[in-house]
Amino acid sequence: MSQKITRRQFMNYSLMGVGSFMAAGVILPMGRMALDPLFQEGAEGDMVTTSVTIDEITEEPMQVDFTFEQQDAWYTSEVTDFAWVFREGDEIIAFSPVCKHLGCTVTWAADDNNPERFFCPCHNGLYEKNGNNVPGTPPTGPLDQFEVGESDGYLTIGQVIPNQLV
């Protein structure tokens, strides 16, 4: 027994097939866009290796520059930043140079009246060596820290974390 396909069935099958391909062409890119971040390596936990060896770090805070790649949407750029790094016993501390008051850059021992403190020149803000803000000055909270580590004898710096010392 032979089964014949009518014109109506042929058109139905053809339209269903073409419609399925068109739907897949729209749905698959949207699914890829939604799931793609799950398969990307996160840059948040990456450590950046600096040019400073662990042996060079002393108890006096020093400025350590580091460069990392930052991606904003489709644009990738190389960003240079720095941290205030010093040794506290056996522990290495790295502070963010961003003031918590207005985001200005703090410096170590820049104020002659406060040689052992971090100083923010925007509104004369002061921080202790442990990053805690000095009462009566503009900063609203302590300096943030960077995660630190070691790779082949060199200092590595990670993401910004809240101050762990105060």
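Fair warning: this is a prediction, and the values are worked out from it, not measured in the lab.

Reading the values: rules and limits
- Residues numbered from 1 in each chain as written.
- Predicted model: local features only at pLDDT ≥ 70, side-chain atom pairs only at ≥ 80, totals over all residues.
- Heavy atoms only, no water.
- Helix = DSSP H or I, 4+ residues; strand = E, 2+ residues; numbered from the N terminus.
- Rg over C-alpha atoms; globule rule 2.2 N^0.38 Å.
- Buried < 20%, exposed > 50% of the residue type's maximum accessible area, 1.4 Å probe, protein only.
- Contact = heavy atoms within 4.5 Å.
- Areas by Shrake-Rupley, 256 points an atom, 1.4 Å probe, with all protein chains shown as cover.
- Lys, Arg positive; Asp, Glu negative; His and termini not counted.
- Charge placed at Lys NZ, Arg CZ, Asp CG, Glu CD.
- Pairing = 2+ DSSP bridges.
- Domains from an automatic or database assignment.
- Patch = residues over 30% accessible without salt bridge, like charges linked within 9 Å, V, L, I, M, F, W, Y side chains within 5 Å.
- Salt bridge = Lys/Arg side-chain N within 4 Å of Asp/Glu carboxyl O.
- UniProt positions renumbered as here; feature names shortened; annotations may be inferred.
- Polar contact = N/O pair within 3.5 Å; in protein donor to acceptor, adjacent residues only side chain to side chain.

S.K.: Before we go on, may I ask you to explain the overall build of the chain in this structure?
M.R.: In terms of regular secondary structure, the chain is built from one helix and nine strands. Starting at the N terminus, the α and β elements of the chain follow one another as α-β-β-β-β-β-β-β-β-β. For a compact globule of 166 residues, the expected C-alpha radius of gyration is about 15 Å, and the chain comes in at 28 Å, more than 25% above that figure. Viewed in the frame of its principal axes, the chain has a C-alpha envelope of about 105 × 40 × 25 Å. Within the span of the chain, comprising 166 residues, buried residues form 28% of the whole. The long-range fraction of contacts in the chain, counting pairs at least 24 apart against all pairs at least 6 apart in sequence, stands at 40%. Entry remark: accessible area of the chain is about 11,600 Å², with carbon and sulfur atoms responsible for 54%. On the chain, the mean spot of the 8 positive side-chain charges and the mean spot of the 24 negative ones are 29 Å from each other.

S.K.: Please clarify how the sheet that holds strand β5 (residues 107–108) should be interpreted in this entry.
M.R.: Paired through backbone hydrogen bonds, the strands of a sheet run either parallel or antiparallel to each other. Pairing is antiparallel in the open sheet, where three strands are placed in the order β5-β6-β7. Because the sheet does not close on itself, it has two edges, and the strands there are β5 and β7 (125–127). Sheet topology note: the β5/strand β6 (residues 118–120) ladder contains two bridges and is antiparallel. Within β6, the residue paired with T107 across the bridge is F119.

S.K.: What exactly am I supposed to notice about the domain arrangement of the chain here?
M.R.: Interface size, as often reported, equals the accessible area lost upon joining of the parts. Considered domain by domain, the chain is made up of domain 1 (7–39) and domain 2 (48–161). If you average the C-alpha positions of domain 1 and of domain 2, the two centres end up 52 Å apart.

S.K.: Whenever I open this one, a nonpolar patch on the surface confuses me. Can you help?
M.R.: A grouping of I5, F10, M11, Y13 and L15 is seen on the molecular surface, where their side chains present a nonpolar patch of about 600 Å² in accessible area. Within the element layout of this structure, L15 appears in helix α1 (residues 7–39).

S.K.: What am I meant to see in the UniProt feature "transmembrane region" (unreviewed entry) in the chain here?
M.R.: Residues annotated in UniProt with the feature "transmembrane region" (unreviewed entry) correspond here to residues 12–31. Along residues 12–31 one finds 100% helix and 0% strand; the C-alpha atoms at either end are 28 Å apart.

S.K.: Can you walk me through the side chain of N114 in this structure?
M.R.: Note that N114 resides in the loop between β5 and β6. Here R117 takes part through its side chain, which lies 3.3 Å from a polar atom of the side chain of N114. Discounting residues that sit within four places of it in the chain, N114 has contacts with A109 and L126.

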